[in-house]
Each structure stands twice: as structure tokens, then as C-alpha cells.
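In case you want the letters, here they are:
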Amino acid sequence: MSNQSKTVAVLGGGTMGSGIATVMARAGHTTILYDVVEQNLQRGIDTVHGFFDRSVKLGKLDADAGEAAKGRVVGSTDLRDLAPSDVVVEAVFEDLGLKKDLFAQLDEIVSDTTLLHTNTSTLSVTGIASGSRLPERVVGTHYCNPAPLMKLVEVADGRHTGSWAHHATVDFLSGLGKTSVITQDRPGFIVNRFLIPWENSCIAALEAGVATKEGIDAAVLGSIGHPMGPFRLLDIVGMDIHQQVATRLYEQLRDPRFFPPPMVERMVAAGDLGRKTGRGFYDYDDTRLFGS
Ligand SMILES: NC(=O)c1ccc[n+]([C@@H]2O[C@H](COP(=O)([O-])OP(=O)(O)OC[C@H]3O[C@@H](n4cnc5c(N)ncnc54)[C@H](O)[C@@H]3O)[C@@H](O)[C@H]2O)c1
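What you see as residue numbers is a count from 1 along each chain, following the sequence as written. For a predicted model such as this one, the threshold for reporting local features is a pLDDT of at least 70, and the threshold for listing and counting side-chain atom pairs is 80 or more; totals across whole chains, interfaces and linings nevertheless cover every residue. Side-chain figures throughout are based on the complete set of non-hydrogen atoms in the structure, without hydrogens or water.

### Some remarks on the side chain of Thr 169
Phase 1: Secondary structure elements follow DSSP: runs of H or I no shorter than four residues count as helices, runs of E no shorter than two count as strands, and numbering proceeds from the N terminus. By secondary structure assignment, the location of Thr 169 is in helix α6 (residues 163-175).
Phase 2: Throughout this description, a polar contact denotes any pair of N or O atoms lying within 3.5 Å of each other; where both atoms belong to protein, one of them has to be capable of donating a hydrogen while the other can accept it, and for residues adjacent in sequence the pair is counted only when both atoms sit in side chains. At 2.9 Å, the side chain of Thr 169 forms a polar contact with the side chain of His 117.

Right under this line is the structure:
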């Protein structure tokens, strides 16, 4: 499966959907980006185009290749357009009912051999797969954010995932240049088990006045070698998403390290969600969802 050009649909044109659509188009796949909100779909497409334009500007891609990659992405607000998809990657709001319902609808639209991938962070893959009459073709594929830049994808089978779907998924991800790490269908998989408590502790340190956000970001860059500091990363993730993921993991794991510090709620209430609203820990003129 890895080397052939496929038709891939991505559900949700938000932070993760636009990043995943970029990954698909870059790998040569015809990519359908689907969202129910026209404005969000347009921003998703703008974000994908912005990524390829920037890659050309930085000399990482030649101009023809950039235009070709942009041309492989089409937008849709009609689920029926997804009929030719070989793979569907779901990246809509973190809502079990919504994700199950989309997979149930897709059962009537796509072929029975189409792989259904979910990018859920905290929900059970088995629970989402129960929305499909063919749960054997549902696999959890948890991309790291920003998806075009991070190599890791956590792969989690649901209770009824077929081994053919699992192997086809790992093969497909390898064709995207991704590294798969296999994890169980457990809350937070691997990465969020340590990332969320760590991000919370950085926010708590800021709230306690230990240092400025710039200081903490610089300390992380210069010490433990992360590619970006926690506050730059949280601005890409989105504070609403951080709050949701942290709270859900706290509810499931009952470990206080997952509970978001009070500053998170204040920022969400103020609408300071990060890049997507132009203001989070830092201010942004460019509200495309990820960037340089
Ligand atoms: N943000 C992160 O860092 C991150 C990382 C890994 C996984 N995730 C997971 O990815 C998923 C998406 O997160 P996000 O940060 O991109 O969210 P987001 O809020 O940026 O985007 C969600 C998008 O889904 C769209 N949507 C809502 N209902 C829809 C429907 N019925 N059909 C089609 N589109 C619909 C919305 O209009 C929106 O554009 C969630 O499950 C989240 O837990 C997020």
C-alpha cells in the first residue's frame, strides 16, 4: 500500500486535520479535506497552501512541486464526496457521539475495504469503532502536532481491529515517512501520558511567577532539547484542546498531574486559545494553524 498514490479523506479542517491533509498531499495522495463549517474548511485549505508556499520560499520544495501538492488538495462540505477514499482520517472535535456517527455515515458511502483512522487523543478506539458496522477496519492513528513536522504516529488497535487493517495502516504510515509506534487502546496512549503532566507543570511554573514564558521556553530549548518550548507548543495545540485532553485524562486516570492549572480555564474563557485565535501565550498576526 505504501508507494501507490491513494485517495485520502481527512475529516475536520482544524489544527490536526489541516496538518494531516498536508502530510497526505506531500506524499502524493489525492486529498479531500472535509469540514461542516465552510469558514473552517477554508482556513484549513489556506493553512495547507501556506505550508507548501513557505516550503517553496525556504527552498525545501521547487515551485512546480509546491503547486502540484496544492493541486492535490480539494475541499468538501458534502460527505458523499468521500466515496472514492481508500483511507479516511478522522480529526473532528473530541466527541465520541460525533466520531461514531461519522463512521456510521461513512459505512454507507465508502467501500467496505476503506480504512477508517481516528486521530482521537483521549477516547477509546474501540468505542469509536463501535459506530461502524465494520469495526475491523477502524484503527487509531494519533499524529503528533504539528503533523507535517513530527515523524511519530501512535498506532492503537481497537478490540475488533483486523490484523489486515493494522498492517495496512503501518504500511501506509511508512509510505508517508512516518514512524509508527504501537500502543494499546488506553487513555493518552504513550505520549500524552507524559506530555500533558509536563505541560501542566510548565503552566503552573509560569502561574507561580518562577520565570517569564520566554524564559521557560528558552530553558526547555537549551536544556532538554525539545524542538520548541512548552508555550509555543501549547499555542499550536490550542488551549481549548489542552484543557479538554487534560481534563478527560484526569477523569479517566484520576491522577492530579493531569488536572489543568487555573490559568488554562482563564485563557479559554478569554478566547486566548493560541495561534488559531491570534493570541495565546504569545500574539500572532498569522492565524493559519501551524507555520514556521
Ligand atoms: N490539537 C492537538 O494538538 C491534537 C493532537 C493530536 C490529536 N488531536 C485530536 O485531533 C482531533 C481534532 O483536534 P484539533 O485540534 O484539530 O481540533 P480543532 O478544533 O482545531 O478542529 C476540529 C475541526 O472539526 C470540525 N468539525 C466538527 N464537527 C465536524 C463534523 N461533523 N464533520 C466534519 N468536521 C467537523 C470543526 O469545524 C473544526 O474545524 C481531536 O480528536 C483531538 O483530540 C489534537
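Next comes the rest of the account.
### Describing the site of the ligand
Phase 1: Lining the immediate surroundings of the ligand are 25 residues, of which Met 16, Asp 35, Glu 94, Lys 99 and Asn 145 lie closest.
Phase 2: Within the side chain of Lys 99, one N or O atom sits 2.7 Å away from an oxygen atom of the ligand.
Phase 3: In this structure, Asn 145 approaches the ligand through a side-chain N or O atom, which is 2.8 Å from an oxygen atom.
Phase 4: Residue burial considers only the protein chains on display, and all accessible areas are found by Shrake-Rupley using a 1.4 Å probe. Calculation on the ligand without its partners gives an accessible area of 840 Å², and the protein chains cover 92% of this total.
Phase 5: Here the ligand is seated within the largest pocket.
Phase 6: Of all the secondary-structure elements, those providing two or more residues to the shell around the ligand are α1 (15-26), α4 (96-107) and β6 (138-143). Residues are counted as near a molecule or strand when any one of their heavy atoms sits within 4 Å of it. Note on definitions: the grid is 1 Å and covers protein atoms alone; a cavity is a set of points where a 1.4 Å probe fits but cannot get out; a pocket is an open set with protein on both sides within 12 Å along at least five of seven lines; lining residues have an atom within 4 Å of a point. In this description, a molecule resides in a pocket or cavity if more than half of its atoms sit within 2 Å of the grid points defining it.

### Details of the environment of Thr 212
Phase 1: Mapped onto the fold, Thr 212 is located in the loop between α7 (191-207) and α8 (213-223).
Phase 2: The partly exposed category is assigned to Thr 212, whose relative accessible area is 47%.
Phase 3: Separated by 66 residues in the primary sequence, Thr 212 and Pro 146 have C-alpha atoms spaced 24 Å apart.
Phase 4: Among the polar contacts listed, one links the side chain of Thr 212 to the backbone nitrogen of Gly 215, at a separation of 2.9 Å. Only protein chains enter the accessibility calculation, which uses a 1.4 Å probe; a residue is then buried when its area is under 20% of its type maximum, exposed when over 50%, and partly exposed in between.

### Some thoughts on the pattern of salt bridges
Phase 1: Here, a salt bridge means any side-chain nitrogen of Lys or Arg that lies within 4 Å of a carboxyl oxygen of Asp or Glu. In this structure the tally under the stated criterion is 13 salt bridges.
Phase 2: Across the pair Arg 137 and Asp 107 runs a salt bridge whose closest N-O atoms are separated by 3.1 Å. Here Arg 137, found in the loop between α5 (125-129) and β6, pairs with Asp 107, found in helix α4; they are 30 residues apart in sequence, far enough to count as distant. Taken individually, Arg 137 and Asp 107 each receive the classification buried, so the pair is uniform in this respect.
Phase 3: Between Asp 240 and Lys 276 there is a salt bridge, with the nearest N and O atoms lying 3.0 Å from each other. Of this pair, Asp 240 sits in helix α10 (residues 239-253) while Lys 276 is found in the segment after α11 (262-270), placing the two residues 36 residues apart along the sequence.
Phase 4: On the accessibility criterion, Asp 240 (24% relative accessible area) is partly exposed.

### Thoughts on unusual backbone geometry
Phase 1: Here Asn 145 and Pro 146 are connected by a cis peptide whose omega angle stands at 0 degrees.
Phase 2: Within the secondary structure layout, Pro 146 lies in the loop between β6 and β7 (152-157).
Phase 3: At Phe 189, a position not held by glycine, the phi torsion is positive, near 45 degrees.
Phase 4: With respect to the helices and strands, Phe 189 occurs in the loop between β8 (179-183) and α7.

### Structural notes on the pairing of β6
Phase 1: By the criterion of burial, β6 is predominantly enclosed, with six of the six residues buried.
Phase 2: Alternating residues of β6 divide into Val 138, Gly 140 and His 142 and Val 139, Thr 141 and Tyr 143, and every residue in both groups is buried.
Phase 3: Any two strands between which DSSP finds at least two bridges are classified as paired. In terms of strand pairing, strand β5 (residues 115-118) meets β6 through three bridges, oriented parallel. When the sheet's bridge partners are listed, Thr 118 is paired in β6 with Gly 140.

### Digging into the pairing of β7
Phase 1: In terms of strand pairing, β6 meets β7 through five bridges, oriented antiparallel. When the sheet's bridge partners are listed, His 142 is paired in β7 with Glu 154.
Phase 2: As paired elements, β7 and β8 share five bridges and run parallel to each other. The partner of Leu 152 across the bridge, within β8, is Thr 179.
Phase 3: Handedness of a crossover: with both strands directed away from the viewer, a clockwise path from the first strand across the helix to the second marks it as right-handed. Traced from β7 through α6 to β8, the parallel crossover comes out right-handed.

### Concerning the packing of aromatic side chains
Phase 1: When the centres of two rings from Phe, Tyr and Trp lie within 6.5 Å, Trp using its six-membered ring, the rings pair. Their planes under 30 degrees apart give stacked, over 60 give edge-to-face, and anything left gives tilted. Scanning all chains against the criterion turns up three aromatic pairs.
Phase 2: Centroid distance Tyr 250 to Phe 259: 5.1 Å. Interplanar angle 75 degrees. Geometry classified as edge-to-face.
Phase 3: Only when the NZ atom of a Lys or the CZ atom of an Arg is both within 6 Å of the ring centre and within 35 degrees of the ring normal do we say a charge sits over the ring. Between the NZ or CZ atom of Lys 213 and the centre of the ring of Tyr 282, over which it lies, the distance is 5.3 Å.
Phase 4: The side chain of Arg 254 reaches across the aromatic face of Tyr 250, ending 5.4 Å from its centre.

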